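# Close look at the chain arrangement
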Amino acid sequence: MAELVTLTIDGQEVSVPRGTTILEAAKKIGKQVPHYCYHPGMSSPAMCRLCLVEVEGAPKSMPSCVTTVMEGQIVHTESKQAVGNREGVLEFYLVNHPLDCPICDMSGECDLQDYVHAEGRAHGRSEEPKRVFGRDDFGGDVLFYGDRCVMCTRCVRFMNEVEQDQRLTVVERGNRSVIDTFFEEGLEGTHWHGNIVDICPVGALVSKEFLYKARAWDLEHTPSICPSCSQGCNIELHTRDNLIQRMKPRENLEVNGWWMCDYGRHNHEWMNRGIQLEDPLVRTLDGATGPVKWRDALDQLLQHVGVIGEGRVKAVATPFASNEDLGALAELVGALGGGDMVYRSVRSEEEIVLKGFPTLARRKDLAPNTSGAELIGFTRVGDDEATGGLEDIATHDGIVIIMGDELSDQAEDFGREAGLFVYLGDRQSPAASNAHFVFPLTTFAEQEGSFTNIARRVQRFSPALEPSGMARPGWLILGALAAELNNGDAPRTAAEAFSGLASQIEAFAGLTYQDIGIRGAVLNETFVLSEC
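Here goes a summary of the coordinates provided. (Residues numbered from 1 in each chain as written. Predicted model: local features only at pLDDT ≥ 70, side-chain atom pairs only at ≥ 80, totals over all residues. Heavy atoms only, no water.)

## Remarks on the overall build of the protein
Definition in use: Numbering of helices and strands starts at the N terminus; helices are DSSP runs of H or I of at least 4 residues and strands are runs of E of at least 2. Note on exposure labels: buried denotes an accessible area under 20% of the residue type's maximum, exposed denotes more than 50%, and partly exposed covers the range between, all computed with a 1.4 Å probe on protein chains only. Working rule for contacts: check all heavy atoms of both residues, and any pair within 4.5 Å makes them a contact. For accessible areas, the Shrake-Rupley method is used with a probe of radius 1.4 Å. Any residue's cover is judged against the shown protein chains and nothing else. Two residue types count as positive, namely Lys and Arg, and two as negative, namely Asp and Glu; His and chain ends fall outside the count. Note that the charge is assigned to NZ on lysines, CZ on arginines, CG on aspartates and CD on glutamates.
The number of helices and strands found in the protein is 13 helices and 26 strands. For the protein, the spread of C-alpha atoms along the three principal axes comes to 90 × 50 × 40 Å. Put simply, the protein has 532 residues, and 53% of those count as buried. Put simply, 62% of the contacts in the protein that link residues at least 6 apart link residues at least 24 apart. Carbon together with sulfur atoms contributes 49% to the accessible area of the protein, which is approximately 24000 Å² in total. Charge-centre separation for the protein: the mean point of 48 positive side chains lies 6 Å from the mean point of 78 negative side chains.

See the structure below:
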């Protein structure tokens, strides 16, 4: 165990491991020392001079981002000297910083706005004209507004130390310093550069995709899990008008640190697709399909099962489905007499590793829950484009259940021979025209649930969007059917659905939503990660 050092910060004693910086020690007691250049995932150049604090016995103010704690040290972050330092530094920043707040994408979540409002001068004293750099396209998804830059160099250090692809640098000196690319080589072709927009403390670096789309204070933030690969990056979904406006990484040092890849960051428009299934559809004896109420649809399906009896089931699921959805489907297949359960998923040729944080990568499996599907008993079929592999299912004369797979590569006569064909999805599929029952599913962004990532870590996500029409989660629909067939109780919440899964699948045994928490829990470990 690391040796602890006790010091006093603003009159409060705190004990932290030796080697901790004053800035991090202050966080332990809820003190946020203003800073720009410091970021816990990179080196600290101590060049912004905003985090200066008063340390008793020191001849001058000390940068808290690089000054390590000492036994018995007494630190003041709110003394006249410390506050005066910050006020002076902020005044220098504002000498050349433009008054772009009304049009800046960072407005509302800008550190400079917050710091100046809290501790800046009421009025500026500069009478000189401000410098003008204009706007530069850095390539990729990034625009650079040089006038707003506070020269914290976070972006340069991220590309050098974390992505380890040196595309940015500081050119010129003094007040002429500006961030620039190397000649004509910008950020195009890099895979993690979106993170420099996240860590920019002001509006100097902005996303082209998000430019002028929404104001920060109009966005609702929902904790979630990135659905773009099996890494399971912790993210926030930022929504407005029931649409995903952007996705941002959420800190979890066990999974993705502070970062996420550009592929995952921009892969969200499919969640905003307009035309979705809204009503349960049932095919009548004359072949016509019409909408019905949920109760009527489920009653008719159970009657259909009673007529044809139990038979060999063939089920196809999507690895974009939650553990709860997949578990409910597996339970239903068992209640119907058992059968084959498969899934299809897109796979890339290689992983894209973040060199400065090597446990993070854009994984080969471009779906979030392939691990969960396999643990629950599903087998992968088809090729790396998620096509093929369903030849025996297309002509199966028993029970066919499709959940989430759009069957985009299948012919319109798919399932024609099936005694019972049930299709669950968020969009209608031409290949489901022979389905006896079509049920509208919520997407992962519209429901609560969990995914299991490549490291077998189970992580929860929350609903960010309102479901379309009468769409319901798969665990609710299939769980109700399985409960009727098994004479059991249907799950009423995602937590209950997960408990049902844990009671049936050994890998999940003993795990609950409370254990998973906000950081996730690794299957078969004897401890649960802290939720701190």
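Moving on, there is more to tell.
## Section: the nonpolar core
What counts is decided by this rule: Here, the term nonpolar core denotes a set of buried Ala, Val, Leu, Ile, Met, Phe, Trp, Tyr and Cys residues that are joined through side-chain atoms within 4.5 Å.
Counting 60 residues, the largest nonpolar core has Tyr-36, Phe-158, Leu-168, Ile-179, Ile-196, Leu-205 and Trp-259 as the members making the most contacts within it. Listing elements by their share of this core, those giving two or more residues are helix H2 (80-96), helix H3 (111-119), strand E7 (142-145), helix H4 (154-162), strand E9 (178-181), helix H5 (195-199), strand E12 (234-240) and strand E13 (243-249). Of all the elements, H4 adds the most residues to this core, at five residues. Ignoring any residue separated from it by four or fewer positions in sequence, one finds Phe-158 in contact with Met-42, Glu-163, Gln-164, Trp-192, Asn-195, Ile-196, Ile-199 and Trp-259. Ranked by size, the runner-up nonpolar core spans 50 residues in total, among them Leu-326, Ile-401, Val-458 and Ala-494.

## Some thoughts on a negative patch on the surface
Under the convention used in this document: Surface patches are defined over residues having more than 30% relative accessible area and no salt bridge, joining like charges when they lie within 9 Å and nonpolar side chains (Val, Leu, Ile, Met, Phe, Trp, Tyr) when within 5 Å. Only one rule defines a salt bridge in this text: a Lys or Arg side-chain nitrogen within 4 Å of an Asp or Glu carboxyl oxygen.
A surface patch of like charges, here negative, comprises Asp-397, Glu-412, Asp-413 and Glu-417. The residue Asp-413 is located in the loop between strand E21 (399-403) and strand E22 (420-425) in this model.

## Overview of the environment of Leu-50
Within the secondary structure, Leu-50 is located in the loop between helix H1 (22-28) and strand E3 (52-55). Taking the C-alpha atoms as reference, Leu-50 lies 6.9 Å from Tyr-36; in sequence the two are 14 residues apart. Contact partners of Leu-50, with chain neighbours within four places excluded, come to Pro-34, His-35, Tyr-36, Arg-86, Val-89, Leu-90 and Tyr-115.

## Some remarks on helix H12 (residues 494-504)
To keep it simple, the criterion reads: By arc we mean the arc of the directions from the helix axis to the C-beta atoms, nothing more.
When we look at burial in H12, the residues that qualify are Ala-494, Ala-497, Phe-498, Leu-501 and Ala-502. With its buried residues spanning 140° around the axis, H12 presents them on a single face.

## Regarding empty space enclosed by the protein
One water molecule sets the probe size; rolling that probe over the atoms shows where empty space is left. Rules: Lining residues are defined by having an atom within 4 Å of a point belonging to a cavity or pocket. Those points lie on a 1 Å grid over the protein atoms alone, cavities being sets where a 1.4 Å probe fits but cannot get out and pockets being open sets with protein on both sides within 12 Å along at least five of seven lines. Grid points are joined across faces, edges and corners, and a volume is the space filled by probe spheres set on the points. Three residue categories are used. Nonpolar comprises Ala, Val, Leu, Ile, Met, Phe, Trp, Tyr, Cys and Pro, charged comprises Asp, Glu, Lys and Arg, and polar comprises the others, including Gly.
A full pass over the atoms with the stated rule returns four cavities of 30 Å³ or more. There is about 220 Å³ of room inside the largest cavity. When contributions to the lining of the largest cavity are tallied by element, the ones reaching two or more residues are H5, strand E10 (205-207), E13 and helix H6 (262-266). Across the lining of the largest cavity, the residue classes tally to seven nonpolar, five polar and eight charged. The computed volume of the second largest cavity comes to approximately 80 Å³. Lining of the second largest cavity is provided by 15 residues; of these, Cys-149, Cys-152, Cys-155, Cys-200 and Leu-205 occupy positions nearest its centre. Partitioning the lining of the second largest cavity into residue classes produces 13 nonpolar, one polar and one charged.

## With respect to the packing of helix H8 (residues 323-335) against helix H11 (residues 474-486)
Between two packed helices, the angle of one axis relative to the other and the distance separating the axes together describe the packing. Definition in use: Note on definitions: angles span 0 to 180 degrees between N-to-C directions of axes, and those axes are lines fitted to C-alpha atoms, for helices only across the stretch in contact. Note on angle classes: values under 35 degrees are labelled roughly parallel, values over 145 roughly antiparallel, values of 65 to 115 roughly perpendicular, and the remainder oblique. Whether a crossing is left-handed or right-handed is set by the direction in which the near helix is turned from the far one by less than a right angle, anticlockwise for left-handed and clockwise for right-handed.
As a packed pair, H8 and H11 sit with axes 8 Å apart at the nearest point and diverge in direction by 25°. Relative to H11, the element H8 lies roughly parallel. In the crossing of H8 with H11, the sense of the turn from one axis to the other is left-handed. Contacts between H8 and H11 involve Glu-324, Asp-325, Ala-328, Leu-329, Glu-331, Leu-332 and Ala-335 from the first element and Gly-474, Trp-475, Leu-478, Gly-479, Leu-481, Ala-482, Leu-485 and Asn-486 from the second. Each residue belonging to the contact of H8 with H11 can be placed in one class, and the counts come to nine nonpolar, three polar and three charged.

## Notes on the environment of Glu-71
So the rule is basically this: Here a polar contact is taken to be a pair of N or O atoms separated by no more than 3.5 Å, where protein atoms must pair a possible hydrogen donor with a possible acceptor and residues adjacent in sequence count only if both atoms sit in side chains.
Within the fold, Glu-71 resides in the loop between strand E4 (62-63) and strand E5 (74-76). Since its relative accessible area comes to 53%, Glu-71 is described here as exposed. Taking the C-alpha atoms as reference points, Glu-71 and Phe-437, 366 residues apart in sequence, are found 70 Å from one another. Aside from chain neighbours lying at most four places away, what touches Glu-71 is Leu-4, Val-5 and Thr-6. Separated by 3.2 Å, the side chain of Glu-71 and the backbone nitrogen of Thr-6 make a polar contact.

## What about the sheet that holds E13?
Basically, it comes down to this: Note on pairing: DSSP must find at least two bridges between two strands before they are called paired.
In spatial order, the strands read E11-E12-E13; together these three strands make up an open sheet with antiparallel pairing. Each edge of the open sheet is held by one strand with a lone partner, namely strand E11 (220-225) and E13. Here the average twist between neighbouring strands, direction ignored, is 30°. Direction of pairing for E11 relative to E12: antiparallel, over a ladder of six bridges. Each bridged residue has a counterpart across the sheet, and for Ile-225 the counterpart in E12 is Asn-234.

## So, the layout of surface pockets
In this model, the largest pocket occupies a volume close to 1200 Å³. If you go around the largest pocket, you meet 35 residues; those closest to its centre are His-39, Pro-40, Pro-249, Glu-251 and Trp-258. Elements with a contribution of two residues or more to the lining of the largest pocket: H1, H3, H5, E12 and E13. There is about 780 Å³ of room inside the second largest pocket. Trp-270, Thr-318, Phe-320, Gly-404 and Glu-406 are, among the 34 residues lining the second largest pocket, the residues nearest its centre.

## Quick look at the pattern of salt bridges
For the coordinates displayed, the defined rule picks out 27 salt bridges. In this structure, Arg-176 and Glu-172 form a salt bridge, with 3.7 Å as the shortest nitrogen-oxygen distance. Judged by relative accessible area, which is 49%, Arg-176 ranks as partly exposed. What makes Glu-172 exposed here is its relative accessible area of 54%. For Asp-392, the salt bridge is made with Lys-314, and the minimal N-O distance between the two is 3.5 Å. In this pair, Asp-392 is assigned in helix H10 (residues 391-394) and Lys-314 in strand E16 (residues 313-317), connecting sequence segments 78 residues apart.

## Here we look at the packing of helix H7 (residues 294-308) against H11
Contact pair H7 / H11: the axes reach a minimum separation of 11 Å and the direction vectors enclose 45°. One element, H7, and the other, H11, form an angle in the oblique class. Crossing of H7 over H11 shows right-handed handedness. Packed against H7, whose contacting residues are Trp-294, Leu-298, Leu-301, Leu-302 and Val-305, the element H11 presents Ile-477, Ala-480, Leu-481, Glu-484 and Leu-485 at the interface. Residue composition of the contact of H7 with H11, by class: nine nonpolar, no polar and one charged.

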